[in-house]
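# Close look at the chain arrangement
The primary structure of each chain is shown beneath.
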Amino acid sequence: MKSCPLDNLLPEYVKQFTAYVPSKPDRELMKTFGCSRLFRLNNNENPLGPPLAAQEVLRRFPPPKAAVYPSGDCYYLRQRLAELFHKDPEQFLVGNGANEVISFVIKAFCEKGDNIVTGDKTFAVYEWVAQFSGFEARLVPLRDYAFDDEAMLGEVDERTKIVFVCNPNNPTGTYWSTAGMRRFLDAIDGRCIVVIDEAYYEFVEQDDYPDGMSLIDEYPNLVVFRTFSKMYGLAGLRIGYLAGTREVVDVIRRTCIVYSVNALAQEAALAAAGDELHIRNTRDLVRQGKEFLRKELTQLNLPLVVGEGNYLMVKLPMSDTLAYRKLMTKGIMIRTMTGFRFPNHIRVTVSKMEALEAFVEALKAILPC
Amino acid sequence: MKPSFKPEVVLRLRADMTFLPLATAFAEKSAIAFGLEEPEALSLTLAVEEIFVYLSRTACPGGEVRIYSRGGGYFVEIEFLFPAEDFDMKSFNITTKASLDPDADFSETGLLIASRMVEQFRFEEIEQKLRLTLTKAKTYPDHCVPDLPPASPLKGFSIKEAVDPEELKLLVRRINTECAGQVFPEICRAPGLMVDIVAAGDYKVALAVDKMGHIGGGIIWKWEGTGLIECFGPYLFGQPADSTMGSALLDSCIADIARTGAKGLINRFPTPDLPKEYFEPLGSLTFQAGDGEAAELVAYYRHLEEDLGGTVWSHPLLEGFLQHQYRKLFFAREILPVKRAGESCSPFSVLSAEFDRGRNRVTLRPVWWGEDAHFCLADHVETLRRELISSIFFEMDVGKSWQCHFTPALVENGFQPRLILPYAGKGDLVIFQLTTGESRS
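Residues numbered from 1 in each chain as written. Chains lettered and ligands numbered in written order. Predicted model: local features only at pLDDT ≥ 70, side-chain atom pairs only at ≥ 80, totals over all residues.

### Brief notes about the overall build of chain A
- The number of helices and strands found in chain A is 15 helices and 12 strands.
- Whereas a compact globule of 369 residues would reach a radius of gyration of roughly 21 Å, chain A reaches 21 Å, a difference of no more than 12%.
- The principal-axis extents of the C-alpha atoms in chain A amount to approximately 65 × 55 × 50 Å.
- Sorting the 369 residues of chain A into buried and exposed places 47% on the buried side.
- Restricting to contacts in chain A with at least 6 residues of sequence separation, those with at least 24 account for 73%. (Helix = DSSP H or I, 4+ residues; strand = E, 2+ residues; numbered from the N terminus. Rg over C-alpha atoms; globule rule 2.2 N^0.38 Å. Buried ≥ 20, exposed ≤ 12 C-beta atoms within 10 Å, placed from the backbone. Contact = placed C-beta atoms within 7 Å.)

Put into structure tokens, the structure is as follows:
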């Protein structure tokens, strides 16, 4: 068999890139690490699962419907989002998880020689998609664990097409206030697209936290990302969306893949959207869990980075990747933060008390004396 | 950072003595064009001549060969590439003595002679192709001597990438002044070399500086293969014992490599300022220090990803070591036994030898396993001892079952497993080192 001349076929920027290898399914991990149970505290999933109405949709989904293509542009879900946020359905674009809409936006606006600007210690996908698409990702160091607005403005030039602001930031939980966000948008003055990634929007209870949706009419260069993976507990179905002005969304739609969101995800999201009781219950759980972790981990003299969102970061007196391996043998799965450029830190999802207690117990056992 | 593009020229020809002048002229002219001085280019040309004669007369008369010449800024690399099926594989053992030349010295192969003329010599088999690589380093004027007044602690510092040649040279001078008692790598000895390797994109350097530009410390790192990064330092100059500079320098190194796909970070020359809490001790290797004394250095490792677990192969003689190491390091591995069951196998073995003349060390790697593994290995050890090589290593990839068959031969010849490099090959690499005593062959 002749080999394929990959070296000649691959663009240089793809050659430089290494594929992301996701972790194995739980059953395989448990076998590998020799544990009989596994608490997943690594992906910021909602331990309560989806809202009850969405659960009911999932239970009742008629199997023959799996043979029928879904709505190619998530027609009913966009109607519902428009109703919730008082906008036009054409102002929404739904994707196979928020990761897919990141890709849509970058493909729509960037061409050879362009760049994107974002933080250095934030969600990696903005940087990855830009780089493996051949665009420069300008990474601005965080200041006090938060996006540095002045420094980001300093990186924006005439070839900057998109600025990504993760608000609240994953993994630090810091956020820009409404006033701060406005100041930044005013300074950008429509020169490029500003994406506010609000994947954890529904978890934030602070009064000065901005609602990106309400800023869209005022700032036509603004695009807001939200997801059903976190608060709404539909991570396994992969569904997220973006919102912007009709003009901007119309442009992004040109690069979007239709039919990429499956029927089950659309129906579950439709039932989940805006479920206030579910949001309240989840917030209560997160508040209590954070308090518990704050108290327990402080007693262990471990520095914490606690902000908004259903997660917190812990600095360990040891390598985070070693801590991962040790915790896995005890059935606890956390996220190592080396890949987020926070060496020796772990990010822990705030979950049910049973899981958090098991985590604290396991952590005590693995910490160096 | 990944190795940057290197300019290259290529010659395609048959291994036939008629083409010898062409091959040597190609090597010499390209080496000079890529920046070597004439004496260096001549050494490389002589090495190429030895290899080409060896290929034409012994290993593969008439076979097709491609010769690549690459300029790396601070070295020139000549690579011979040829399809494995055209060649007699066992003739690539550096110990092979056969020759068709009636005047040849039967005690040595052209490969061994060539290895003496260059700093690095490597033979390997990759995807049905054989590759022989010679690396000739540019010579740099006088090594650095301690010549600076002692450094003072900085009042405050920030970390920056070092690209300015004068800063890089100053860093090397500082290392040689302040860290004179430590074992540090060759690249820290010649200021000009440091400038060239950074300019070539093969190494990166971060510095801790104050507002006036005074250097308080530095760290250096480079890619080692496709998944491993090696770092040197951090070197701190006159900083207080409780300084956070070492961690800050290491953080900057990790930030740079964190999203590159690198799997591990290793430090084989730990300094007193290395923040140990970032690393795991893998084991130790013995190096020959400048004064000829053997120095035991702990290799520190940091995994950069979440371990996915895996399967490795092992001969029964190695299983205890693997179990102990994996337990110590908390790497989840299923160890599958490799045992012969009377099946037929090749009568001969082939080893590749990577010479690092600068550090007086050779790393042997399995290319082919056969019945004569014990004698093949013993032959290599004897030859390398005659060459006065002080450090002899053997790298076994336990992701490849056949390589485990070398285990009994290694043990019988006096090699000891010293450490595991996770994910450094198809699977993990086990590094064996020949103990200083005589081989038991």
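### Here's the deal with the interface of chain A and chain B
- Chain A puts 25 residues into the contact, and the matching count from chain B is 23 residues.
- Counting only elements with at least two residues in the side of chain A that touches chain B, the list comes to helix 3 (26–33) and helix 14 (320–329) of chain A.
- Sorting elements by how many residues they give to the side of chain A that touches chain B places helix 14 of chain A first, with 6 residues.
- Broken down by class, the residue content of the side of chain A that touches chain B amounts to 8 nonpolar, 11 polar and 6 charged. (Nonpolar A, V, L, I, M, F, W, Y, C, P; charged D, E, K, R; others polar.)

### Examining the nonpolar core
- Counting residues in hydrophobic clusters, the biggest one holds 130 residues, and the most contacted among them are Leu 44, Ile 51, Leu 171, Val 205 and Cys 253 of chain B.
- By residue number, the principal contributor to this core is helix 2 (residues 38–59) of chain B, which donates 10 residues. (Core = buried A, V, L, I, M, F, W, Y, C linked by C-beta atoms within 7 Å.)

### So, the packing of helix 1 (residues 20–33) of chain B against helix 2 of chain B
Residue and element names in this part refer to chain B.
- Two numbers describe how helix 1 lies on helix 2: the axes approach to 9 Å, and their chain directions differ by 150°. One way to sum up the angle between helix 1 and helix 2 is to call them roughly antiparallel. For the element pair helix 1 and helix 2, the recorded crossing hand is right-handed. On helix 2, the residues that touch Leu 20, Ala 23, Thr 24, Ala 27, Glu 28, Ala 31 and Ile 32 of helix 1 are Glu 38, Ala 41, Leu 44, Thr 45, Val 48, Glu 49, Phe 52 and Val 53. (Axes fitted to C-alpha atoms, helices over the stretch in contact; angles between N-to-C directions. Parallel < 35°, antiparallel > 145°, perpendicular 65-115°, else oblique. Left-handed = near helix turned anticlockwise from the far one by under 90°.)

### What about the pairing of strand 10 (residues 264–267) of chain B?
All names here are of chain B.
- A two-sided burial pattern is seen for strand 10, the buried positions comprising Gly 264 and Ile 266 on one face and Leu 265 and Asn 267 on the other.
- Across 3 bridges, strand 9 (residues 228–236) lies against strand 10 in parallel orientation. Within strand 10, the residue paired with Leu 228 across the bridge is Gly 264.
- Judged from the 4 bridges that link them, strand 10 and strand 12 (residues 294–303) form a sheet pairing that is antiparallel. In the sheet register, Asn 267 faces strand 12, and the bridge partner there is Tyr 300. (Pairing = 2+ DSSP bridges.)

### Some thoughts on the environment of Ser 152 of chain B
- Structurally, Ser 152 of chain B can be placed in the loop between strand 5 (129–137) and strand 6 (158–161).
- In the structure, Ser 152 of chain B is positioned 63 residues away from Ile 215 of chain B in sequence and 9.6 Å away in space, judged by C-alpha atoms.

### Let's talk about the pairing of strand 6 (residues 193–197) of chain A
Residue and element names in this part refer to chain A.
- Judged by how many residues are buried, strand 6 sits mostly within the fold: 5 of 5 residues are covered.
- In strand 6, alternate side chains face the same way, and those of Ile 193, Val 195 and Asp 197 on one face and Val 194 and Ile 196 on the other are all buried.
- Across 5 bridges, strand 5 (residues 160–166) lies against strand 6 in parallel orientation. Following the sheet pairing, Phe 164 is matched in strand 6 by Val 195.
- After leaving strand 5, the chain enters helix 9 (residues 178–188) and then returns to the sheet as strand 6, a path that is right-handed.
- Pairing geometry for strand 6 and strand 7 (residues 222–227), over 4 bridges, is parallel. Directly across from Ile 196, in strand 7, lies its bridge partner Val 224. (Right-handed = clockwise from strand over helix to strand, strands pointing away.)

### Considering unusual backbone geometry
- Note that the residue after Asn 170 of chain A, namely Pro 171 of chain A, is joined by a cis bond; omega there is 25°.
- In this structure, Pro 171 of chain A sits in the loop between strand 5 and helix 9.
- Note that the residue after Gly 233 of chain B, namely Pro 234 of chain B, is joined by a cis bond; omega there is 0°.
- Positive phi is not limited to glycine here, since His 86 of chain A has a value of about 55°.
- Structurally, His 86 of chain A can be placed in the loop between helix 5 (75–85) and strand 2 (92–95).
- Since 9 C-beta atoms lie within 10 Å of it, His 86 of chain A is described here as exposed.

### Notes on the sheet that holds strand 7 of chain A
Residues and elements named next belong to chain A.
- Read from one edge to the other, the open sheet built from 7 strands follows the order 2-8-7-6-5-3-4, with strand pairing classed as mixed. A single partner strand is all that each edge strand has here, and the edge strands are strand 2 and strand 4 (136–140). On average, adjacent strands in this sheet sit at an angle of 20° to one another, irrespective of strand direction.
- Here 5 bridges tie strand 3 (residues 115–119) to strand 4, and the two strands are oriented parallel to one another. Across the sheet, Val 117 pairs through a bridge with Arg 138, a residue of strand 4.
- Against the sheet, helix 7 (residues 125–132) touches strand 3, strand 4 and strand 5, its axis set at about 150° to strand 4.

### Examining the sheet that holds strand 17 (residues 391–397) of chain B
Residue and element names in this part refer to chain B.
- The strand order 1-2-3-5-4-15-16-17-19-18 describes an open sheet built from 10 strands, whose pairing is mixed. Since the sheet does not close on itself, it has two edges, and those belong to strand 1 (8–14) and strand 18 (415–421), each with one partner. Taken pair by pair, the neighbouring strands of this sheet meet at an average axis angle of 25°, ignoring direction.
- Against the sheet, helix 2 contacts strand 2 (64–71), strand 3 (75–83) and strand 5, and its axis sits at roughly 160° relative to strand 5.

### With respect to the environment of Val 338 of chain B
Residues and elements named next belong to chain B.
- With respect to the helices and strands, Val 338 occurs in the loop between strand 14 (333–337) and strand 15 (350–356).
- A residue is classified by how many C-beta atoms lie within 10 Å of it, and Val 338, with 20 of them, is buried.
- The spatial distance from the C-alpha of Val 338 to the C-alpha of Asp 242 is 50 Å, given a sequence separation of 96 residues.
- Val 338 has contacts with Trp 313, Ser 314, His 315, Ser 401, Cys 404 and His 405, leaving out every residue within four places of it along the chain.

### A few points about the confidence of the model for chain B
- Scored by pLDDT, chain B has a mean of 87; 90% of the residues are at 70 or more.
- Within chain B, the element-level pLDDT minimum falls on helix 3 (residues 110–116) of chain B, averaging 77, and the maximum on helix 1 of chain B, averaging 97. (pLDDT = per-residue confidence, 0-100.)

### Some words on helix 4 (residues 165–178) of chain B
- Helix length check: helix 4 of chain B, at 14 residues, gives a terminal C-alpha distance of 20 Å against a target of 20 Å (1.5 Å per residue), a fit within 8%.
- Looking at the buried positions of helix 4 of chain B, the neighbouring elements they touch are helix 5 (191–199), strand 7 (203–209), strand 8 (215–224) and strand 9 of chain B. (Expected span 1.5 Å × (residues − 1).)

### Examining the packing of helix 13 (residues 276–299) of chain A against helix 15 (residues 353–366) of chain A
All names here are of chain A.
- In contact at an axis separation of 10 Å, helix 13 and helix 15 are set at 15° when each is read in the N-to-C sense. It follows from the interaxial angle that helix 13 and helix 15 lie roughly parallel. Of the two possible hands of crossing, helix 13 and helix 15 adopt the one that is right-handed. Along its contact with helix 13, which presents Gly 289, Phe 292, Leu 293 and Glu 296, the element helix 15 presents Met 353, Leu 356 and Val 360.

### Section: the environment of Ser 71 of chain A
All names here are of chain A.
- By the secondary structure assignment, Ser 71 is in the loop between helix 4 (52–60) and helix 5.
- On the neighbour-count criterion, Ser 71 (16 C-beta atoms within 10 Å) is partly exposed.
- Linking Ser 71 and Cys 35, residues 36 residues apart in sequence, is a C-alpha distance of 42 Å.
- Filtering out sequence-adjacent residues up to four positions away, Ser 71 remains in contact with Tyr 76 and Gln 266.

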